[in-house]
Amino acid sequence: MAWRGNEKVNAINPSILTLILLLPLAGAGLVMLLPDRGKLPAWITLFISLITFGLTLHLPAYFALGQHGFQFEINKPWIDSPAIFYHVGVDGLSLWLVVLVGLLAPVGVLASWNAIKERRKIYYALFLVQQTAMFGVFISLDLMLYYGFWELSLVPMAILIAMYGRKDGPKAAIKFFLFTFIPSAPLLVAILWLYARTGSFNFSDLQVLIASGSLPATPLAWVALAFLLAFAVKVPVFPLHGWLADTFSEAPVALAMVVAGKLGLYSMLRFHVGLFPDQARAIAPLLIALAVIGILYGACLALVQRDFWRLLAFAALSHLSLITLGIYGLTFTGWNGAIYQILNHETIDASLFVLLGVLEIRYATSQIASYGGLANKIPRTATLFVITSLAMIGLPMLSSFVGEFLILSSTFTGVSRGLAIAATLGVILSAAYMLWLVQRIFYGPQGALAASRPPDDLRIGESAVLWPLAVLMLVMGLAPSLWMRTIENRVSAIHIHQEGQR
Amino acid sequence: MTGSLHLWLIPLLPFAGFLINGLLGRRLPKALVTAVALLASLGSFGVVLINVFSMLGSIHMPASLPVVETFGTWINTGALHIDFSFVLDQLSIIMLLVVTGVGFLIHIYSVGYMAHEEGYWRFFAYMNLFMFFMTVLVLAGNALLMFVGWEGVGLASYLLIGFYFQRTSAADAGKKAFIVNRIGDFGFLIGLFLLLANFGTLTFSEISAKLAANPAWTGGVLTAIALCLLLGAAGKSAQLPLYVWLPDAMEGPTPVSALIHAATMVTAGVYMIARTHTLFDRSPFALGVVAIVGAATALFAATIGLVQNDIKRVLAYSTISQLGYMFLGCGVAAYSAAIFHLMTHAFFKALLFLAAGSVIHAMGGEQDLRKMGGLRNKIPITFWTMTAAVLAIAGFFPFAGFFSKDAILYEAFQHGGSGKVLWFVGVVTALLTSFYMFRLWYLAFTGESRSHDVRPHESPWSMLGPLSLLALLSVVGGWIGIDRFGSFLAPVLGEVGNSATAPGGKQLDIMLSIIAVAVALIGWFIADRLYRQKPDSPARIAAALPTGYSVLVHKYYVDEIYAMTIVRPLLFMSKYFLEWVVDVGLLGGAAWMLAGSATLSGAILQRWQSGNLRSYAAWLAVGAAALLVFVFVPWSTVLANFGIHLGMAGQ
C-alpha cells in the first residue's frame, strides 16, 4: 500500500505488459539494423534483456493480492473479422512465469556469450524474437493471439537448432519440427472450430460458454484432445518425448534451457484444464499414469546415458512428468506445487545448462566418461554444480523440495496412494543419477582431459549468472510463501475450487 | 517461562560458521578458519548449556517444558501449514547436549588431526554444516522440519565421506551413503504422506494429542506409518537391510567417523522413533519389527566385526551392532533405555574412533590391525583412554556401557515370552562385542610391533584432551542410572519399568547384570587366549573353517547380493530394455512411421542445411507471412463458404 502514492509507477500499469512484450522485439530490430561487429549484438541483447527483466519485476511488485480476475489487463479490438483482440493479462498462474522468462533471458545471453562465435547478429535477433514469443504465450488471453505466439515460439527455435547444432543440427531440427509443428495444426483447427461455434477467441468468454454446456459434447471432446496433444508434445509427456534428447544435445544452450517445460505446462493449466475442465477430468487418469511412467522411465534412462546433455534431457522428462502429475491430479495444493515447481525446475535446469555449457566449451565434449577429477582443477564450477544438483534432487531447504513435496503429498492424499508411492521412487533414482554424474565429472583421479588444459574456472560473467541462481534456489526453498501467495491468487478452472476452500 | 530461549542460535551459529568458512575459507588464514569453526560449535554448545542451567535453577522446570519457539511459516498452502518451529523438551535437551558437546570435542580433536590436510577449511565448513542440520533435526517441532535436518545430515555425511574425493573409493562411498539413505528417506516421505492423510498435520505435539484423544485407535494405518518411519530410521541408523553404507563410510576422515558415523547422525533413527513413540506404541506389530530388526542387526554386525582387520571397520560394525541394541530397546518400548544407551554409546564410541584416529596418526596412516602391535608403551595416553572405551563398550561394571546395555537387556527380558529370545540374542551379541573389542585391543597394543618402518609418536594435546574428557565420560557417563535418567525423560517418553519397584525386579536385575558381565568376561578370556597367549591360533581356526571364515570376511556377500539383484538388473533393464527396445525401437520407430507421411516436409527442411543466411531469413519471412495470412484473411467469409456460420452462440 506504500506504493499507492507512487503515481508515476502506477501510470505504467496499463501498458506494462505491452512494453514487456514489445521491447525484445524492438531489440531484435535494433540488432538487425546495427552491424554484426564483435560482441555488439550480444551487448545490445544483454542490455535489452536486463531492462525487460526489470520491467517484469514490476508485475509482482504491483500485483494486487486478493483481487480476482486478470490484472494489468488490456483488451482492445485488433482485427474486426475475425474478431481478434489484443487481449493480454496475468494472474497468479502466469505472473511468475513472465518473470521467469525475464530472468532467464540475461542468463541465456551470458550462456551464449562465449558459445556463439559466428553469425551473432542473426542468433541474437532470433533469441530476442523467441523472448517476445514466450512472453506472448504467457500473457495472451485471446486464443488466436495465443496461437500466433505459440507458433512464433517454435520458429526461432527450429532455425537456431539447425544453424547452431553441435553435431547433427539439421536432423535434430527436423525432429523438433515434426514433433512440435505437426500437433500445432490440430490446435489451430480446434481454435477455429471454437470460434466458428462461439464467435469469440476470448479466453474468459470461452471458459464460461464451455462450462455452460451449450457446445456439443463430442466435437468438444475432440477439440480438448487437440489442445492437449499440442501441449503434451511440447512439455513433453511420455511417450511424446522423442524430440527432447536430440534437442537438448543440439540446441544452443540458451535455447535448450527454455525449450521444454513451461510453455507446454502453462498451456495445459490455462487452456486445457482451464478451458475444458470436464474433458480434462475425463482424461486425467491417463495423464496421471503417463506422468508416473514418465517419472520412472526418465529417471531410469538418465541413469544409463553416456552424454550429459542426454542425461539432462531424461532427467528433465522425469521432473516435468512430476509437474504433469501435479496438474492432472486436479487438486488445489497439487496445482500450487506444480506451478511452483515449474519455476524451480526452470531455474535449476538453466543453471545446469550453463554449467554443462561451461564444461563443453572448455573441454569440447559432452561424453561423461571423458571427464573425471575436475573438482580440484575448477573448484568453483564444482561447488555450483553440486549445489545445483542438490537442488535438482530435491534436498530440503533448496527449491525443488517444496514443489515436489506439495505435488507428491497432494497426489497421495487426493489422487492415488499407489501412484504417489511409485512417483516417490523417483526421489531415490534422481539422487542416483545426479550424484553419479557429479562423481564422474568432478571426483576421482584427474583424467587425461582434466590434465589437458590449464585451470580455467568460472569467469565473471558465468559467476554473475550462477551465484544469483544458486541464492534464488535457497530462497525459494526457505521462503516459498513469497511466491505461493500470488500463485494461489489465480483465475482457476471452475471445477478445481472446492478442495482448496478449506 | 519468561523470555525467549533463543533456540534459533543453536543451529544458526554453526550455519554462520559454515557460510564463513565455506565461502571465504579458501583465502582465510588457517588460524582464523579454526577460530570460526570452534567458536561456532562452542557457541552452539554454550547456548544449550545456558538454557539447561537456567532451567535446572528454576523450580518450575518440569512444568515449563516443552518450550516451543516458532520463527515463521515455511510452507502455507491449501491445507498444508508447516512452521519453522523448535521444541525444547527433556528428550531434545539430552540429544542437544550429546550432539553439541561431543561435537565440540571432536571439533577440537580435528584441529590436531586435520592440521596437515589440504582442504582444512572445507573440512570445518562441512563439520559446521553437519552441526547445523543435526541440531535442526533434534529441535524440529514437526516431522517435515525434522526431514530437513534428516536429509541435511545425509548431505553433510556425503560431503565428508567423500572428503578425499580424488580417491575413487571415497567418492563411491559418499555416493553410496547418500543413495542408500535416500531409500530410507523414501520410507520417511511415505510416512509423512500417511501422517498428512490421517492426521492432517505433521506437528509432533498435535499428532500425539490426536492419538491421546483416540485411545482405541491402534494398528492398521498406524502400523503402516510406523513401518514407513522405521524404513527411514533403518537407513539413517544403518540397520538391516540398509546398513551397507556405514562400513564404507569409513573412507571419511576419522573425526567424521567419530562424530557423524558413531556418536550423532547414525543415532537419528533411534531419536526419531523415540520422538514419534506415541505412534509406535499403538502398533505392537511395528514395535515387534523394530525389536527384531534391532536384535538381528546387533548380532549380524557383531559376527562380521569378529574378523575385520581394518581398525575403523571393526568399529563401524560395532556401531551398527550397538545401534541394533538401541533399536531393540525401542522395540520393547524401553525408549529411555535406548536413549540412555545412545548417550553412553556416543561417549565411548566417539572415544573409540578418536583413539583409533590417534593410533592411525601414530602409525603414519596405517589402519590394518595386522600391522600394528606393541603400541601400549609408545602411545600410553591413547592406550589408556582406549582401554576405558573398550571396557565401557564391553559392558564392564562400572563403566558407562554397563548401565545402559543392562537397562536394555533387562527391559527385553521383561518383555513377555519373545522378550527372552531378544534378551538371549542381546547377551550373545555382548559376548561377541567383548571378544572383538579385546581382539582389537590386543592386536593394536600388545605383543611385538609387526611393522618396523614406522616410529609411533603420541598425538598432540588438541587430540589427547578430547580423548581424556571422553574417557572420563565413558567411565562416569552411566552413573546417573536408568531410573533417574528414565524419570527425567518420563514427561516425553513415558514411565519406564522401574526395577526397584517391580516385584522381584531388583534381584532379577542383579542376576541379569551378573550374567552380562560374566559373558563379557568370557569374551575377554577368549580374545586373551587367541590373541595374547596363542597368537597363531586365529589363523588355524580360520583354516579349519574356511567356508564360515570366508563368509564373514566377505560380510555375508550382502554388497554382492545387492549388486546382483538390484543395481545391475536396474541398469541392465534401463539400458537394454527401456532405452534400446522401448525408446529407440518402439517409440522412435513409431515416431518415424508417423513422420513417414511427412517426408516431404523433411525434404523441404533439408534446404535449411544450405547454410545460406538468406534462405534462413527467407524462411523466417515465409513464417511471418503465414502468420499474417492467418490474421488478415477474413475468416468469417471463408468459413461461411464452408457452411459454417459464426455467432451461433455467445456474444
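Within each chain, residues carry numbers counting from 1 in the order of the written sequence. All chains are assigned letters beginning with A, and all ligands numbers beginning with 1, in the order in which they are written. Selection of residues for local features in this predicted model requires a pLDDT of at least 70, selection of side-chain atom pairs for listing and counting requires 80 or more, and totals for whole chains, interfaces and linings are taken over all residues.

1. Concerning the overall build of chain A
Summing up its helical and strand segments, chain A has 22 helices and 2 strands in all. In this description the radius of gyration comes from C-alpha coordinates, and the expected globular size is given by 2.2 Å times residues to the power 0.38. In summary, chain A has a C-alpha radius of gyration of 22 Å against a globular reference of 23 Å for 502 residues, a match within 12%. Dimensions of chain A, computed from the C-alpha atoms along their principal axes, are close to 70 × 60 × 50 Å. Residues are called buried when their C-beta atom has 20 or more other C-beta atoms within 10 Å, exposed when it has 12 or fewer, and partly exposed otherwise; all C-beta atoms are positioned from the backbone. Split into buried and exposed, the 502 residues of chain A put 65% on the buried side. By sequence separation, contacts in chain A at least 24 residues apart represent 81% of the contacts at least 6 residues apart. Counting from the N terminus, the helices are the DSSP runs of H or I reaching at least four residues and the strands are the DSSP runs of E reaching at least two. In this description, a residue-residue contact is defined by the distance between C-beta atoms placed from the backbone, which must lie within 7 Å.

2. Focus on the interface of chain B and chain A
Counting residues at the interface gives 61 residues for chain B and 70 residues for chain A. Elements with a contribution of two residues or more to the side of chain B that touches chain A: β1 (67-77), α6 (143-161), α7 (168-199), α25 (558-596), α26 (599-606), α27 (613-632) and α28 (635-641) of chain B. It is α7(B) that contributes the most residues to the side of chain B that touches chain A, 13 residues altogether. Polar here means any residue outside two lists: the nonpolar Ala, Val, Leu, Ile, Met, Phe, Trp, Tyr, Cys and Pro, and the charged Asp, Glu, Lys and Arg; Gly therefore counts as polar. Class assignment of the residues belonging to the side of chain B that touches chain A gives a composition of 38 nonpolar, 17 polar and 6 charged.

3. Quick notes on the nonpolar core
Counting residues in hydrophobic clusters, the biggest one holds 442 residues, and the most contacted among them are A:Val98, B:Ala338, B:Ala350, B:Leu351 and B:Ala389. For this core, the element with the highest residue contribution is helix α16 (residues 335-362) of chain B, accounting for 19 residues. Residues in contact with B:Ala389, not counting those within four places in the same chain, are B:Phe348, B:Leu351, B:Leu352, B:Ala355, B:Ala471 and B:Ser474. We define a nonpolar core as a collection of buried residues of the types Ala, Val, Leu, Ile, Met, Phe, Trp, Tyr and Cys that are connected via C-beta atoms lying within 7 Å of each other.

4. Focus on unusual backbone geometry
Omega for the bond connecting A:Phe238 with A:Pro239 falls within 30 degrees of zero, at 5 degrees, which places this linkage in the cis form. Turning to its location among the elements, A:Pro239 is positioned in the loop between α9 (217-234) and α10 (244-250). Look at the link from B:Phe397 to B:Pro398: it is a cis peptide, with omega at 0 degrees. Among the structural elements, B:Pro398 can be located in the loop between α17 (380-394) and α18 (400-413). Backbone geometry places B:Lys555, a non-glycine residue, at a positive phi of 55 degrees. By the element assignment, B:Lys555 lies in the loop between α24 (546-553) and α25. Assessed through the 20 C-beta atoms surrounding it within 10 Å, B:Lys555 is described here as buried. With a phi close to 60 degrees, B:Tyr556 is a non-glycine residue in the positive phi region. Within the secondary structure, B:Tyr556 sits in the loop between α24 and α25. For B:Tyr556, a count of 13 C-beta atoms within 10 Å puts it in the partly exposed group.

5. Describing the pairing of strand β1 (residues 71-79) of chain A
All names here are of chain A. A pair of strands counts as paired when DSSP detects no fewer than two bridges linking them. Bridge count for β1 against strand β2 (residues 84-90) is 6 bridges, and the pairing is antiparallel. Of the residues in β2, the one forming a bridge with lysine 76 is tyrosine 86. The hairpin formed by β1 and β2 contains 4 residues between the paired strands.

6. A closer look at the environment of A:Ile20
Residues and elements named next belong to chain A. Relative to the elements of secondary structure, isoleucine 20 occurs in helix α2 (residues 16-33). Since 30 C-beta atoms lie within 10 Å of it, isoleucine 20 is described here as buried. Distance from isoleucine 20 to threonine 52, taken between C-alpha atoms, is 5.9 Å for residues 32 residues apart in sequence. When neighbours within four sequence positions are excluded, isoleucine 20 is seen to be in contact with Thr52, Leu55, Thr56, Val98 and Phe135.

7. What about the packing of helix α11 (residues 254-263) of chain B against α16(B)?
Residue and element names in this part refer to chain B. Note on geometry: axes are lines fitted to C-alpha atoms, helical ones only across the stretch in contact, with angles between N-to-C directions running from 0 to 180 degrees. It is the contact of α11 with α16, at a shortest axis distance of 9 Å, that shows an interaxial angle of 160 degrees. By the angle between their directions, the pair α11 and α16 is classed as roughly antiparallel. Between α11 and α16 lies a crossing of right-handed hand. Contact with α11, carried on its side by Thr254, Pro255, Ser257, Ala258, Ala262 and Ala263, involves Ala346, Lys349, Ala350, Phe353, Leu354, Ala356, Gly357 and Ile360 of α16 and no other residues of that element. Of the residues that constitute the contact of α11 with α16, the class distribution is 10 nonpolar, 3 polar and 1 charged. Between 65 and 115 degrees an angle is taken as roughly perpendicular, under 35 as roughly parallel, over 145 as roughly antiparallel, and anywhere else as oblique. Should the near helix be turned anticlockwise from the far one by less than a right angle, the crossing is termed left-handed; should it be turned clockwise, right-handed.

8. A look at the confidence of the model for chain B
Residue and element names in this part refer to chain B. The predictor reports its confidence for every residue as pLDDT, a score running from 0 up to 100. On average, residues of chain B score 86 in pLDDT, and 88% of them are at 70 or above. Per-residue pLDDT stays below 50 along residues 645-651; that stretch engages in 18 contacts with residues further than four places along the chain or on separate chains. For this predicted complex, the interface score ipTM comes out at 0.90, alongside a pTM of 0.90.

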